[in-house]
Amino acid sequence: MPKKPSLLTFLDISALILIPVALVLIVFFTPVEAVMGSVQKVFYFHVSAAWAGMLSFILGAVAGAGYLTSRRISWDWLSAAAIEVGLVFAVIAILSGMIWARPIWNTWWVWDPRLTTTTIMALIYLAYFILRAGLTTPEARARLGGVYAILAVMTVPLTFFSIRLFRTIHPVVIATGGDGSAFNMTPRMLTALFVSLFVFSILLAALVWHRFRLAQWQNDLPQEVQ
Amino acid sequence: MKPIRCYLGVIWQILRKDIQVEWRGRQGLPVMLVFALMIVFLFNFALQLSPDLQASLTAGLLWVSLAFASTLGINRSISLERETNALDGLLLAPVDRSAIFFGKTLGNFCFTSLVGLVLLPIFSLFYQQNLLRLALILVMLLGLGAYTSLGTLLSALSIQTRTRDVLLPVLLYPLALPILIAAVEASRGVLSGRALGEMSSWMYLLLAGVILFNAAGLIFYETILEE
């Protein structure tokens, strides 16, 4: 069993310290949103979780491509680890969005394109694990998993394009307007958002790394118990 | 020039083989067609469609039945190869495997398009709306082109799992969602009497799907089937 790298320990401790810091910022530092009230504060972790999810799905596809070109199994451990952690973050984004939607839209769930497609994205990656579970050899899991991870990421831009065409009631906070003010937020909100994004990125890196090491250990086990 | 002709020749041989198998067995197309029809009736009972509701749902119903029926056809196309070990024969052939992909895709595309063309007059009859329009046929062909190429690609994945063909819908439907959204929206636009030019973004999305999934087949089919 390889020794835990000190950088990973550093990431663990950073995440442990920074998450409470981000929470304190969100609760005490940011202003209460004028219309929505304090429920708006779920926004910071909601966006961060969605960001972390996207990031790790892309990482999963890149690692999948890494396996297909180099045929080194460790790329597949990374790919599967990233997608597994990404799926958790995607579910967090969906659930936190629902918590926000209950008071604001007056319902837990709307068939809004962005909610629907985010959930579909989660389903796509759920199918990834069903696919892997159905394959018998680690080589096939790595090869077909890699292809599927790339295919899945390829359809994400298509999905997002189809949302843009649909009317959506999901708030567009980061607009691509031409007036220079791309963010529809106060400076304090922006600070809290960026801190949350940073913290979630660190948490993501730590979790993916841990999951990667788990795959490594599983690989070291004798075949019968794998 | 010769390699290209050889490549196209392989595609044509695969397509011809699939058509011949279908012509002699006549097992794929009728099943797809009857299945699509049953879905139409099932929806009618399940959703308790009133006449004015029907008009707005026609495009959606058409694509749901097409998507389900295509999945059946695509699954059959690959499991036939697997059952008879014909796939091993195909893989042994000294040809580029992406040519096999294009041949299988073309076969699936032909069969599903045929089912779609038969469904259009039937839908026109049941939903009192003229669906036999050139614009709608164009949308249908584009949508099915994208859908069948993705389906053919994924069927090569699913056939290698323990669950075999059961897995295909689970893999295909979420990935094909943007295609289905675009196809339904474009069809709905055509049916509500809008010009095809107004739906150009949806059409481009479908075209992007055709190009993207065929490119994916070109790149990945070899990797998927390597053993």
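The preceding data block contains the structure.
Residues numbered from 1 in each chain as written. Chains lettered and ligands numbered in written order. Predicted model: local features only at pLDDT ≥ 70, side-chain atom pairs only at ≥ 80, totals over all residues. Heavy atoms only, no water.

Some details on the interface of chain B and chain A
Part 1 of the argument: Each partner contributes residues to the interface: chain B has 29 residues there, and chain A has 28 residues.
Part 2 of the argument: Between chain B and chain A lies a buried interface of about 2600 Å² when both sides are counted; carbon and sulfur atoms form 82% of it.
Part 3 of the argument: Our count for the chain B to chain A interface comes out at two salt bridges.
Part 4 of the argument: Breaking the side of chain B that touches chain A down by element, the ones donating at least two residues are α6 (134-158), α7 (168-191) and α8 (200-225) of chain B.
Part 5 of the argument: No other element matches the 12 residues that α8 of chain B contributes to the side of chain B that touches chain A. (Contact = heavy atoms within 4.5 Å. Buried area = accessible area lost by both parts, 1.4 Å probe. Salt bridge = Lys/Arg side-chain N within 4 Å of Asp/Glu carboxyl O. Helix = DSSP H or I, 4+ residues; strand = E, 2+ residues; numbered from the N terminus.)

Topic: a nonpolar patch on the surface
Part 1 of the argument: Together, I13, L16, I17 and V21 of chain A make up a nonpolar patch on the protein surface, roughly 390 Å² of accessible area in all.
Part 2 of the argument: By the secondary structure assignment, L16 of chain A is in helix α1 (residues 6-29). (Patch = residues over 30% accessible without salt bridge, like charges linked within 9 Å, V, L, I, M, F, W, Y side chains within 5 Å. Areas by Shrake-Rupley, 256 points an atom, 1.4 Å probe, with all protein chains shown as cover.)

Comments concerning the packing of helix α1 (residues 2-25) of chain B against helix α5 (residues 97-126) of chain B
Residues and elements named next belong to chain B.
Part 1 of the argument: Viewed as axis vectors pointing N to C, α1 and α5 meet at an angle of 40°, and their least axial separation amounts to 8 Å. In this view, α1 runs oblique relative to α5, as classed from their interaxial angle. Relative to α5, α1 is oriented so that their crossing is right-handed. Seen from α1, the contacting residues are Y7, V10, I11, I14, L15, K17, D18, I19 and E22; seen from α5, they are S98, A99, I100, F102, G103, K104, L106, G107, C110 and F111. (Axes fitted to C-alpha atoms, helices over the stretch in contact; angles between N-to-C directions. Parallel < 35°, antiparallel > 145°, perpendicular 65-115°, else oblique. Left-handed = near helix turned anticlockwise from the far one by under 90°.)

Overview of the pattern of salt bridges
Part 1 of the argument: Using the criterion set out here, one finds 11 salt bridges over all chains in the structure.
Part 2 of the argument: Its salt-bridge partner being R143 of chain A, residue E139 of chain A comes within 3.0 Å of it at the nearest N-O pair. Within this pair, E139 of chain A and its partner R143 of chain A are both found in helix α5 (residues 138-165), separated by four residues, close to a single helical turn.
Part 3 of the argument: We classify E139 of chain A as partly exposed; its relative accessible area is 34%.
Part 4 of the argument: Here the residues in one salt-bridge network are R71, E139 and R143 of chain A together with E226 of chain B, joined through shared partners. (Buried < 20%, exposed > 50% of the residue type's maximum accessible area, 1.4 Å probe, protein only.)

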